[in-house]
Number of protein chains: 2
Amino acid sequence: MPLGNVSERRRSAPDLGVSVVILALDKHGGASAGTCDSMESQGLSKPEVGRLWLPLVRRVKQPFRDCWALPGAGLRSDISLEDAAFAALESTTKLHPHYLEQLYTFGGPHRSQGGLPMVSIVYWALVGQAEAEALHEAHNVQWFATDALPTLAFDHASIVDYALWRLRNKIEYSSIASRLVGDEFTLAQLRHVYEAVLGKALDPANFRRRLLSSGTLQATGKSQVRGRHRPAAIYRYAAGTPADEAYEGVLSAVTANRLLADRISVGDSQ
Amino acid sequence: MPLGNVSERRRSAPDLGVSVVILALDKHGGASAGTCDSMESQGLSKPEVGRLWLPLVRRVKQPFRDCWALPGAGLRSDISLEDAAFAALESTTKLHPHYLEQLYTFGGPHRSQGGLPMVSIVYWALVGQAEAEALHEAHNVQWFATDALPTLAFDHASIVDYALWRLRNKIEYSSIASRLVGDEFTLAQLRHVYEAVLGKALDPANFRRRLLSSGTLQATGKSQVRGRHRPAAIYRYAAGTPADEAYEGVLSAVTANRLLADRISVGDSQ
DNA sequence: CCAAAAGTGTTTTCTTTACACCCATGC
DNA sequence: GCATGGGTGTAAAGAAAACACTTTTGG
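Cut-offs used in this document
- Counting restarts for each chain: residues are numbered from 1 in the order of the written sequence.
- Each chain gets a letter, beginning with A, and each ligand a number, beginning with 1, in the order they are written.
- A pLDDT threshold of at least 70 governs which residues receive local features in this predicted model, and a stricter bar of 80 or more applies before side-chain atom pairs are shown or counted, although totals over entire chains, interfaces and linings include all residues.
- As a rule here, side-chain values cover all heavy atoms of the structure and leave hydrogens and water aside.
- In this text, near means that some heavy atom of the residue lies within 4 Å of the molecule or strand in question.
- Here a polar contact means two N or O atoms within 3.5 Å. Within protein one must be a hydrogen donor candidate and the other an acceptor candidate, and residues neighboring in sequence count only if both atoms are side-chain atoms.
- Ten residue types, Ala, Val, Leu, Ile, Met, Phe, Trp, Tyr, Cys and Pro, are classed as nonpolar, four, Asp, Glu, Lys and Arg, as charged, and the remainder, Gly among them, as polar.
- In this analysis, rings of Phe, Tyr and Trp, with Trp reduced to its six-membered ring, are considered paired at centre separations within 6.5 Å, and the interplanar angle assigns stacked below 30 degrees, edge-to-face beyond 60, and tilted for intermediate values.
- Strands are runs of DSSP state E lasting at least two residues, helices are runs of H or I lasting at least four, and both sets are numbered from the N terminus onward.
- For the exposure calls, accessible area comes from a 1.4 Å probe over protein chains only, and a residue counts as buried if that area is under 20% of its type's maximum, exposed if over 50%, partly exposed in between.
- Should DSSP find at least two bridges between two strands, the strands are taken to pair.
- The axes are straight lines fitted to the C-alpha atoms, using for helices just the contacting stretch, and the angles between their N-to-C directions are given from 0 to 180°.
- In what follows, a contact means two residues having at least one pair of non-hydrogen atoms within 4.5 Å.

A. Main features of the protein's contact with DNA strand C. Neighbouring DNA strand C are 20 residues, the closest being Asn206(A), Arg228(A), Arg208(B), Arg209(B) and Ala233(B). The sugar-phosphate portion of DNA strand C accounts for 56% of its atoms within 4 Å of the protein, the bases making up the rest. Take Arg228(A): an N or O atom from its main chain is 3.1 Å from a base oxygen of DNA strand C. In terms of residue class, the surface near DNA strand C is built from seven nonpolar, four polar and nine charged.

Structure representation (structure tokens):
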């Protein structure tokens, strides 16, 4: 880590790191068929709508020592950005998310308060409830509800806000919600995910129709009894839900070329 | 620029730069009221639909010497990422775009062919036709149609493909198309932008209704005579087109806090 | 007058929303 | 039985698409 005087540092390239915003739902939305009653006693204020939670790590170094921050690590040049994000997750939280996508790259001199100038390539991860339980809370790693966050280090609060904004937007036009439930789920559970993300109640009947007619769901044939009412059918997402998520081109250079050839042809047709 | 042996480089942080994908339309879409007949003789294959063009710069250094590449520059730590993108644009093309937004950050060991490992924070810019003409083509700077690109340096071809994909997506749910026309435009000109980006013809009547009812357009009162037919009314976008473009939080830390307070409240309402 | 694009009206179709109602289960 | 959420039906409202038609210009 090269240290020079101030004017030297200003002209040189900033330091580079990856951080990850991890999001999960509490019990109302995240259950896959089976037992699902943990994480419930933290005092839900809105009993009807689940809340979004994220794990934070406590910093052990200055600046912002003892503050909570997003998991992250410095970037090495021998692995991909995505792998670096995975590695950062692994080393701090042991999580292995279904969904990991680049969110945004934050930089600029205003981010360097107290430390070196820093550019952070931020990924975001969505985990189902089963995965979320794999995180072992400790003194330095802890879940927080997104609507009751502590003071965060650096500009991490803005980063979380941005991730939540992106989630609310993206849930409208992609099947991203599937990443916050388990592999198999009832329509009510999936609806609770949408309700938690959007912050409002949805009509169960219309929700059902919309999702089923989208063709992305697949009935498992199984059903789940929960409480004194009719059992709910269990669904899963159809394999390879097409063309809704991120652009494949950015994920891997190998698959990119294959997909691009078909898709990209501006000024064609008609 | 620190050089060591190979294993030292692998562990250290990669180099960091910004690149910019600049997009503009040819005459069919980009004209603001007035004369607009340049850039037309390059052999349009689809006379009814305009094409997207982008400027490239010729590399003067290895690797990929003499190849065409996206404008870019190394990143310094004393300016914001966005300003760095602006600076890169300014120094190579003299363009000053209406629209400049972060596109994606590309990295990973596979990008380092022949050179140092490199992370590129890529911005994309959209310019109107008047601005596009400000670019002085030279031996080392030249416009290319996106459907007839030369071989590009590094993975810049994938980056351009990704930008085009993003444009096609984003035009559906934002007023981003306005950035490819001038400040004032007829509905036909705006429609030509949509047609060029989407690659298909649109019904003029329905297009008119859709755009006008969206409330984002404002009649100027002026009209434009062009050819032997009824003159077209000239519109402009209403100032501060709200809530459609990018999340303001990532643009400037100052305005971010103000906007976030109102917007972000997951699990609220209802 | 004619050609061509601007602009309006109308019908059809599809999607979304609201809400009434039936079904299957535990108690 | 009856309360509860799962699941279906249906009508009204709204948005998008298709297309006939009128208007205003240059030639």
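B. The packing of aromatic side chains, seen in detail. According to the stated counting rule, one finds 18 aromatic pairs over all chains in the structure shown. Measuring from centroid to centroid gives 5.4 Å for Tyr104(B) and Tyr162(B), while their planes differ by 70°, and the two rings are edge-to-face. Placement of the pair is Tyr104(B) in strand 5 (residues 99–106) and Tyr162(B) in helix 5 (residues 156–173), with a sequence separation of 58 residues. Assigned by exposure class, Tyr104(B) and Tyr162(B) land together as buried. An aromatic cluster is present here, built from Tyr104(A), Phe106(A), Tyr162(A) and Trp165(A) joined pairwise through their rings.

C. Quick peek at the pairing of strand 5 (residues 99–106) of chain A. All names here are of chain A. By the criterion of burial, strand 5 is predominantly enclosed, with eight of the eight residues buried. Here strand 5 runs beside strand 6 (residues 118–126); their pairing, made up of seven bridges, is antiparallel. For Thr-105, the partnering residue across the bridge sits in strand 6 and is Ile-121.

D. Seen up close, the sheet that holds strand 8 (residues 184–186) of chain A. All names here are of chain A. Within the open sheet, the three strands sit side by side as 8-10-9. Their pairing is antiparallel. Only two strands of the sheet have a single partner each, and these edge strands are strand 8 and strand 9 (217–224). For this sheet, the mean angle separating the axes of adjacent strands, direction not counted, is 40°. Sheet topology places strand 9 next to strand 10 (residues 232–237); five bridges connect them, and they run antiparallel. Bridging across to strand 10, Gln-224 finds its partner in Ala-232. Contacting strand 8, strand 9 and strand 10, helix 6 (residues 187–198) crosses the sheet at an angle of about 85° to strand 8.

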